[in-house]
Amino acid sequence: MARLAGRPQTFDEMYAVPESFLEIEVRKPMTHGVGRKMYTDYEIVCMTNIPAFKLKHSVVRRRYSDFEVFRDILERESTRVNIPALPGKIFTNRFTDDVVEQRREGLQRFLEIVAGHPLLQTGSKVLCAFLQDPTWEKSQWA
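Report on the accompanying structure. Since this is a predicted model, take the numbers as computed values, not measurements.

### Comments concerning the pattern of salt bridges
Then comes step 1: Evaluated as defined, the whole model comprises seven salt bridges.
Then comes step 2: Across the pair Glu25 and Arg27 runs a salt bridge whose closest N-O atoms are separated by 3.8 Å.
Then comes step 3: By relative accessible area, which is 37% here, Glu25 ends up partly exposed.
Then comes step 4: Under the relative-accessibility criterion, Arg27 is labelled partly exposed at 27%.
Then comes step 5: The partner of Arg27 in a salt bridge is Glu43, and the shortest N-O contact between them spans 2.5 Å. On the criterion of sequence distance, the pair formed by Arg27 in strand E1 (residues 22-32) and Glu43 in strand E2 (residues 39-48) is long-range, its members being 16 residues apart.

### Quick word on the nonpolar core
Then comes step 1: In this structure, Ile44, Phe70, Leu111 and Leu131 are the most contacted members of the largest nonpolar core, which totals 30 residues.
Then comes step 2: Only E1, E2, helix H2 (64-77), helix H3 (97-115) and helix H5 (125-132) provide two or more residues apiece to this core.
Then comes step 3: For Leu131, the residues in contact, after removing those within four places along its chain, are Ile24, Ile44, Cys46, Phe53, Ser58, Val60, Leu111 and Ala115.

### Details of the side chain of Asp66
Then comes step 1: Secondary-structure assignment places Asp66 in helix H2.
Then comes step 2: Accessibility expressed as a relative area gives 11% for Asp66, which makes it buried.
Then comes step 3: The residues contacting Asp66, other than those within four sequence positions of it, are Phe130, Trp136 and Lys138.

### Some remarks on the sheet that holds E2
Then comes step 1: With antiparallel pairing, the three strands of this open sheet are ordered in space as E1-E2-E3. Each having just a single partner strand, E1 and strand E3 (57-63) make up the two edges of the open sheet. In this sheet, adjacent strand axes meet at a mean angle of 20° when their direction is disregarded.
Then comes step 2: Against the sheet, H2 contacts E2 and E3, and its axis sits at roughly 105° relative to E3.

How each quantity is defined
- Here the residue numbers are simple positions, counted from 1 along each chain's written sequence.
- It should be noted that, the model being predicted, local features are given only for residues of pLDDT at least 70 and side-chain atom pairs only at 80 or more, the latter also being counted only at that level, while totals for whole chains, interfaces and linings use all residues.
- Side-chain calculation: all heavy atoms of the structure are included, whereas hydrogens and water are not.
- A carboxyl oxygen of Asp or Glu within 4 Å of a side-chain nitrogen of Lys or Arg is what we treat as a salt bridge.
- In this scheme, a residue with accessible area under 20% of its type's maximum is buried, one over 50% is exposed, and one in between is partly exposed, where area comes from a 1.4 Å probe on protein chains only.
- Numbering of helices and strands runs from the N terminus; a helix is a DSSP stretch of H or I covering at least four residues, while a strand is a stretch of E covering at least two.
- Nine residue types can take part in a nonpolar core, namely buried Ala, Val, Leu, Ile, Met, Phe, Trp, Tyr and Cys, and a core is a set of them joined through side-chain atoms within 4.5 Å.
- Contact definition: two residues touch when any of their heavy atoms are within 4.5 Å.
- Think of it this way: DSSP has to see at least two bridges between two strands before they count as a pair.
- Axis angles are defined between N-to-C directions and span 0 to 180 degrees, where every axis is a line fitted to C-alpha atoms and, for a helix, only to the segment in contact.

Next comes the structure, spelled out in structure tokens:
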């Protein structure tokens, strides 16, 4: 790839903190409950220096149903942005390690796309709250 500037990058330019960055990791799935009351939630770690986000570092837990409500709100709130699909709903064997890991990977991809969109970063009311507010409740947004 050709460089735009006529000079090589300095060491500081190569390794300095970018002007704006956003890193999101979905990790540490935990299954709770027994029988028909079982569910899995996921830890979401967010690190950023984007001014729209209130915190530079945050950790929250969300379950799949939270992601569903979040996605619906984003669609209503952001008519100019195509919101990607979530990983599909699973009805059998949904608590096996393989299924939980596949879902975690799908939720990670979903959040990377959504949170990385410039219009959503600056214009979404629900995005920052979903990623950073430990008291986020879907009932507040429905």
